[in-house]
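# Structure assessment
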Amino acid sequence: MLNVLRVHLPSDIPIVGCELTPYVLLRRPDNTATTEDVPESAPIDRHFLRYNWYRIQSDKKVAICSVHPSEQATLQCLGCIKAKVPVAKSYHCSPKCFSDAWQYHRTLHDRPASAANDNGNEEEEMFGRFNSGSSISSSLSGSASGTSLTNGSTALYPSAVPQKNGSETWFEIGHSKTYTPSADDIGHVLKFECVVVDVETKLPVGYVNTILTSRVIPAPSPSPRHLIPVSGVDVLGHLDSDGRISSSGTFTVLSYNILSDAYAISEAYSYCPSWAFSWPYRRQNLLREIVGYRADIICLQEVQSDHFDEFFSPELEKHGYQALYKRKTNEVVYTGNPHTIDGCATFFRGERFTHVKKYEVEFNKAAQSLTEALVPSSQKKTALNRLVKDNVALIVVLEAKFSNQGPDNPGKRQLLCVANTHVNVHHELKDVKLWQVHTLLKGLEKIAASADIPMLVCGDFNSVPGSAPHALLAMGKVDPLHPDLVVDPLGILRPHNKLTHQLPLVSAYSSFARIGVGLGPEQHRRRMDPTTNEPLFTNCTRDFIGTLDYIFYTADSLTVESLLELLDEDNLRKDTALPSPEWSSDHIALFAEFRCKPRPRR
C-alpha cells in the first residue's frame, strides 16, 4: 500500500507571498521511494494523497517586531502612535532592537500614514523614488506574479466553517500541496496535513501526517532608495500610470548580481536567517525588487538556467519584458546538474525596444584561440588551466521605439548596444580578469566600428575601483607600472601598450561627483570613494565590502540623467550584512537613467 514516510518543510517560518511546498517522501507498493505527487486523478494501487492547510487563530493577540519579523514584539514606540505611523511599524522585540533601528525609525515619524499594502501593513516606499513626489514602489499580489492566489481548490479566504478547539480556532485555507500565505495569516500558526486516501471510499487510510509552522510573518521591506537627478536641470519627463519615467529620449537600466542559489550556501552566509536564505523566499523578494524598479533594460548576473526558464523569464514576461540568456560554459563549474549553472540574463521592455541582434562571448573560446596563437605547445595545458574559467558575456543590440533626433533627423533609427557580463571572481587571477575585460572591450570596438551606436557595459566585474580592469574600462588604458600587471605568468598582457580601447566609456555612478543638490555633503562622502568617484561598496558581506559592479556608458552618445542612490550602513542597519531578510543578494542593484544625445546630420 502507499505510505507516507516523511513530511517536512524546508523552512518552518512562513512569509506572506512566499509559496510553502512541503517535502513529502512516499513508499510505493513495490517498496520504492518517491517524492512525486499522487493525485486522485492518478492513484497508485487505488490510493491517493489528500492535503489540507489550516490557519490556527488563538484568542491571544500577538504583535510582530517590525525589524525582526520572526520575533514577537515586547515594546511599542509611543512616538509612532502620536505621529499616526502604521501600527505594524511601531513594534520592536527588545530595547536594543529599538535603539539600533532608531536612526532609520525616527524618519517614519515625519511621514504621513498611507494606505494598506499586500502584506497587511500600510503602503511604504519600497524601492525608492524617481523624485520628491513620485514613487517607484512595487505593488505585487501575494506571489508577486500579478495573479490571484487560490491555493488549490479552496479560495484564499476560508469558506469552510471554522473548527473550535479550546482557545484555538482552525480555519481551513487550502487543499493543494502548496500554500501561499496571505495578509490574513500574519501572526498565526499554519498546520499542514497529509494523508493517504482510499479512491472508492474517500476515507483516510492510516496515520495523518501533520506539520505546524511558526507564526506567519510579513515580507520584510528594505529601506527606501531614491532616484537622484545628476544632470543639473529638470529633464526627467513625467511619470506614466505605471510610475515609470515617460520621456521621448530617456530610458532606464538596472544591473544586478542576484546571487545564484548554487552559491548561496550557509557556510558562506551563516549570518543570514535560514528562512530568508531559502530560494522560495529569495526568488519572490528578488522579483518584487526587480519589478519595483520598473527599468526599461535589466541586466542580471548569476541567474541559474533553470531559474531563468522556470521563474524569471515567465514572471518578467508578465510585466512586459522580453528575455535573452547566456549560460556559462561548463568545463570548470559543472556539478553534474547542468541546470544549476548560472549565466547572464538581459531583459528589455517590449514597448520601449525591439531586439535586433545578439552576440555571445565565451571567454573559454577566446582562451583556446589565444593559447593556439601565442603559447608554446609544452605550456598549453598550464595556460588553459589558468584561463578557462567559464565566464561569459551577453551583448544585445536593441532598437528604441522612441527617438531623440529632432525634426532635422526624422526616421533615424536609434540603436543601443548593451553588454552584460560576469568576470572571473578569483582574487589571485588578476591577469585573467584583465584579459577577460580587454577581450570584451575589443569585441565591442568591432561593433562600434560597424555602426554609430551608443553602448552600455554592465555587470559584476569582480574588480575594485583603481584595479587594472577598472582602469582599462574607465580610462581606456592601463598604466604600465600598475601593480596588477606584475601578475602575468603566461605573458598574455604584454606588451602593456596593447591594453587599450577607443570606446569613450564613463562609469555612470561617477556622475554623483557633479551633484550640486540632492545628497548632502556628509551623506555623499559616506557613500562615494573620493579618489575614484565610485561607490564605496556594491558588495557587502561579513568577509568583504567593496565595489565590484558597474554600469559604464559611451559619453559621446549618452548622458546620465539620474541615479538610484547608494546604500550605506544606515540602510543596511549596522548589525547585518548581505544577503539579509530585506535584501536577497550579497550585491546591491545599480540603476541609472540615460538620455540619448542627438546625433549630427551626415
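The model shown is predicted, which means the values in this text are computed figures rather than measured ones. (Residues numbered from 1 in each chain as written. Predicted model: local features only at pLDDT ≥ 70, side-chain atom pairs only at ≥ 80, totals over all residues. Heavy atoms only, no water.)

### So, the overall build of the protein
Assigned secondary structure in the protein consists of 11 helices and 29 strands. Taking all 602 residues of the protein together, 55% fall into the buried category. Counted over contacts in the protein with a minimum sequence separation of 6, partners at least 24 positions apart contribute 73%. For the protein, the accessible surface area stands at approximately 26,000 Å², while carbon and sulfur atoms represent 51% of it. (Helix = DSSP H or I, 4+ residues; strand = E, 2+ residues; numbered from the N terminus. Buried < 20%, exposed > 50% of the residue type's maximum accessible area, 1.4 Å probe, protein only. Contact = heavy atoms within 4.5 Å. Areas by Shrake-Rupley, 256 points an atom, 1.4 Å probe, with all protein chains shown as cover.)

### Thoughts on the sheet that holds strand β18 (residues 321-327)
Across the sheet, which stays open at both edges, the seven strands sit in the order β13-β28-β29-β16-β17-β19-β18 with mixed pairing between neighbours. Strands at the two margins of the open sheet, each flanked by one partner only, are β13 (227-229) and β18. Averaged over all adjacent pairs, the angle separating strand axes in this sheet is 25 degrees, with direction ignored. Examined bridge by bridge, strand β16 (residues 250-257) and strand β29 (residues 590-596) share six bridges and lie antiparallel to one another. Across the sheet, T250 pairs through a bridge with R595, a residue of β29. The sheet contacts of helix α4 (residues 279-293) involve β16, β17 (297-304), β28 (558-564) and β29, and relative to β16 the element is tilted by about 160 degrees. Strand contacts of helix α5 (residues 305-317): β17, β18 and β19 (342-349), with the helix running at about 165 degrees to β18, the strand carrying the most contacts. (Pairing = 2+ DSSP bridges. Axes fitted to C-alpha atoms, helices over the stretch in contact; angles between N-to-C directions.)

### Notes on the environment of S58
Note that S58 resides in strand β4 (residues 47-58). Owing to a relative accessible area of 27%, S58 belongs among the partly exposed residues under this scheme.

### A look at the nonpolar core
Counting 66 residues, the largest nonpolar core has F251, I290, I297, F347, F353, L456 and F594 as the members making the most contacts within it. At six residues, the largest contribution of residues to this core is made by α4. If sequence neighbours within four positions are ignored, F251 has contacts with D296, I297, R352, F353, F402, L416, L456, L558, A592, E593, F594 and C596. Counting residues in each nonpolar core, the second largest holds 42 residues, with V437, L440, L444 and F552 among its members. (Core = buried A, V, L, I, M, F, W, Y, C linked by side-chain atoms within 4.5 Å.)

### Topic: the pattern of salt bridges
In this structure the tally under the stated criterion is 19 salt bridges. Of the charged contacts in the structure, one is a salt bridge between R283 and E19, with a shortest N-O distance of 3.6 Å. One end of the pair, R283, is in helix α4; the other, E19, is in the loop between β1 (3-8) and β2 (23-27), with 264 residues separating them in the sequence. By relative accessible area, which is 33% here, E19 ends up partly exposed. In this structure, a network of salt bridges that share partners links the residues K326, K358, E360, E362 and K365. (Salt bridge = Lys/Arg side-chain N within 4 Å of Asp/Glu carboxyl O.)

### Observations regarding the sheet that holds strand β21 (residues 392-400)
Across the sheet, which stays open at both edges, the six strands sit in the order β20-β21-β22-β23-β27-β24 with mixed pairing between neighbours. The open sheet has two edge strands, β20 (353-362) and β24 (505-507), and neither has a second partner. The sheet shows a mean angle of 20 degrees between the axes of neighbouring strands, direction not considered. Taken together, the seven bridges between β21 and strand β22 (residues 415-422) define a ladder with antiparallel strand orientation. Counterpart to L394 in the pairing with β22 is N420. Packed on one face of the sheet, helix α6 (residues 363-374) meets β20, β21 and β22 and runs near 45 degrees to β20. Relative to the sheet, helix α8 (residues 430-450) contacts β20, β21, β22, β23 (455-460) and β24, its axis offset from that of β23 by approximately 160 degrees.

### Points about the packing of aromatic side chains
Applying the stated criterion across every chain yields a total of 22 aromatic pairs. Both rings, one in Y54 and one in W170, keep their centres 5.9 Å apart while their planes meet at 50 degrees; by these two values the pair is tilted. Here Y54 is found in strand β4, whereas its partner W170 is found in strand β10 (residues 168-174), with 116 residues between them in sequence. In this pair, the class of Y54 matches that of W170, namely buried. On the basis of an interplanar angle of 80 degrees and a centroid distance of 5.1 Å, the ring pair of F311 and F312 is categorised as edge-to-face. Residues F311 and F312 agree in their burial class; the two are buried. Clustering of aromatic rings is evident, with ring pairs tying together F251, F353, F402, Y553 and F594. In this structure, K191 packs its charged tip against the face of Y54, placed 5.2 Å from the ring centre. (Phe/Tyr/Trp six-rings, centres within 6.5 Å; stacked < 30°, edge-to-face > 60°. Lys NZ or Arg CZ within 6 Å of the ring centre and 35° of its normal.)

### With respect to the side chain of E534
Of note, E534 is situated in the loop between α10 (521-527) and β25 (539-540). By relative accessible area, E534 is classed as buried at 2%. Ignoring anything within four residues of it in the chain, the contact list for E534 reads P465, H470, S507, Y509, S510, R527, M528, D529, Y550 and F552.

### Comments concerning the packing of α8 against helix α9 (residues 468-475)
Closest axis-to-axis distance for the α8/α9 pair is 8 Å, and the angle between their directions is 20 degrees. By the criterion of interaxial angle, the relationship of α8 to α9 is roughly parallel. Residue-level contacts link K433, L434, V437, H438 and L441 of α8 to A468, P469, L472 and L473 of α9. Considering only residue class, the contact of α8 with α9 consists of seven nonpolar, one polar and one charged. (Parallel < 35°, antiparallel > 145°, perpendicular 65-115°, else oblique. Nonpolar A, V, L, I, M, F, W, Y, C, P; charged D, E, K, R; others polar.)

### Re the pairing of β2
Burial along β2 is one-sided: the residues V24 and L26 are buried and none of Y23, L25 and R27 is. The sheet contact formed by β2 and strand β3 (residues 33-34) spans two bridges and is antiparallel. Residue pairing in the sheet places L26 in a bridge with T34 of β3. Here β2 hands over to β3 after five residues, with N31 in that stretch at a positive phi of 75 degrees.

### Quick word on the confidence of the model for the protein
Looking at the protein, pLDDT values average 84 and 81% of them are 70 or higher. Every residue in residues 153-160 is under pLDDT 50, and counting partners more than four places away or in other chains gives 19 contacts. In this model residues 233-246 is a low-confidence stretch, pLDDT under 50, and it forms 35 contacts with partners more than four residues away in sequence or in other chains. (pLDDT = per-residue confidence, 0-100.)

### Some words on the pairing of β17
Counting buried positions over the eight residues of β17 gives eight, a clear majority of the element. One ladder, built from six bridges, connects β17 with β19; its direction is antiparallel. Note on β19: the bridge partner recorded for Q304 is D342.

### Some thoughts on unusual backbone geometry
A cis amide bond links R494 with the next residue in sequence, P495, at an omega value of -5 degrees. The backbone phi angle of N31 is positive, close to 75 degrees, even though this residue is not glycine. For N31, the location among the structural elements is in the loop between β2 and β3. Residue N31 is classed as exposed on the basis of its relative accessible area, which comes to 60%.

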